[in-house]
Amino acid sequence: RRLTAGLVLTVTLVAFESLAISTVLPEVSDELGGLGLYGWVFSGFFLGSLMGIVIAGQLSDQRGTWLPFLLGLSLFSVGLVVGGAAQSMGMLVAGRVAQGIGAGAIPAVAYAAVGRSFPPALRPRVFAVFSTAWVVPGLIGPVAATTIAEALSWRAVFWALLPLVGVAAAMTLP
């Protein structure tokens, strides 16, 4: 149960962040400038995610799921820190690429972990729960991101997830 809850939390964090940034990006662009890189904030994340899926899948096959999951969480966290600290749109794009690599690794490893750790009869239920991990962020993510940005700053939309990444790591890595 702890593994399932930790994996669902991690997928939820990835979903929240990938959806929340689109809500605050106009404010980010107003502050940082770099309108020409606006689309790269999204493209960098999704291209990084594609790379993360491939790399984590290969690492999971070769070395097990622990290392690629730790690397994925680490890169996702680095991306959150860099994105929140960005002083330019280029720096934000770099943070989003790192974040995307981590975000791609996380579900790839989660699926591999389910395939290796759960009996075949339970796997469909766990995969269904993973799918629902995108529903809540889709419903409340934009409102939560706007509220956080208005109350604190757009930077807090990145940084607020860091403690939850730590909780997810503590739940899943053991």
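This one's a predicted model, so the numbers in the text were calculated from it and none came from an experiment.

J.: Please set out the overall build of the chain residue by residue, giving values where relevant.
T.: Along the backbone of the chain there are 8 helices and 0 strands. From first element to last, N terminus to C terminus, the chain shows the α and β order α-α-α-α-α-α-α-α. Summarising its shape, the C-alpha atoms of the chain cover approximately 50 × 30 × 25 Å along the three principal directions. The buried share of the chain, taken over its 174 residues, is 45%. In the chain, the proportion of contacts linking residues at least 24 apart, taken out of those at least 6 apart, comes to 82%. In the chain, 8 positive and 6 negative side-chain charges are present, and the distance between their average locations comes to 24 Å.

J.: Could you give me a rundown of the pattern of salt bridges, with the residues and numbers involved?
T.: The full count for this structure, using the stated rule, is 2 salt bridges. With a closest N to O distance of 3.0 Å, glutamate 31 and arginine 155 form a salt bridge. Here glutamate 31, found in helix H1 (residues 2–32), pairs with arginine 155, found in helix H7 (residues 154–159); they are 124 residues apart in sequence, far enough to count as distant. A relative accessible area of 48% places glutamate 31 in the partly exposed class.

J.: Tell me about the nonpolar core, and name the residues and values.
T.: Taken as a class, soluble globular proteins show a tendency for nonpolar side chains to be buried jointly. Counting residues in each nonpolar core, the largest one holds 45 residues, and the members touching the most others are Val24, Phe76, Leu92 and Trp154. If you list the elements that add at least two residues to this core, you get H1, helix H2 (38–63), helix H3 (66–85), helix H4 (89–117), helix H5 (123–132), helix H6 (135–151), H7 and helix H8 (162–172). In terms of residue count, H1 provides more of this core than any other element does, 12 residues in total. Setting aside anything within four residues of it in sequence, one finds tryptophan 154 in contact with Val24, Glu27, Val28, Glu31, Leu32, Gly83, Gly84, Ala86 and Ala149.

J.: Please give an account of the environment of leucine 37 that cites residues and values.
T.: Positionally, leucine 37 belongs in the loop between H1 and H2. Its relative accessible area of 32% is what places leucine 37 among the partly exposed residues. Residues leucine 37 and serine 88 lie 51 residues apart in sequence; the distance between their C-alpha atoms is 9.9 Å. Those residues in contact with leucine 37 that sit more than four places away from it in its chain are Met89, Gly90 and Val93.

J.: With reference to specific residues and values, describe the environment of threonine 132.
T.: For threonine 132, the location among the structural elements is in helix H5. Note: C-alpha distance between threonine 132 and threonine 12 (120 residues apart in sequence) is 8.7 Å.

J.: Tell me about the packing of H3 against H8, and please be specific about residues and values.
T.: In the contact formed by H3 and H8, the axes pass within 10 Å of each other and the chain directions differ by 175°. One finds that H3 runs roughly antiparallel with respect to H8. Within the contact between the two elements, H3 uses Phe69, Leu73, Phe76, Ser77, Leu80 and Val81 and H8 uses Leu162, Val165, Ala169 and Thr172. A breakdown of the residues in the contact of H3 with H8 according to their chemical character gives 8 nonpolar, 2 polar and no charged.

Thresholds applied
Residues numbered from 1 in each chain as written. Predicted model: local features only at pLDDT ≥ 70, side-chain atom pairs only at ≥ 80, totals over all residues. Heavy atoms only, no water. Helix = DSSP H or I, 4+ residues; strand = E, 2+ residues; numbered from the N terminus. Buried < 20%, exposed > 50% of the residue type's maximum accessible area, 1.4 Å probe, protein only. Contact = heavy atoms within 4.5 Å. Lys, Arg positive; Asp, Glu negative; His and termini not counted. Charge placed at Lys NZ, Arg CZ, Asp CG, Glu CD. Salt bridge = Lys/Arg side-chain N within 4 Å of Asp/Glu carboxyl O. Core = buried A, V, L, I, M, F, W, Y, C linked by side-chain atoms within 4.5 Å. Axes fitted to C-alpha atoms, helices over the stretch in contact; angles between N-to-C directions. Parallel < 35°, antiparallel > 145°, perpendicular 65-115°, else oblique. Nonpolar A, V, L, I, M, F, W, Y, C, P; charged D, E, K, R; others polar.

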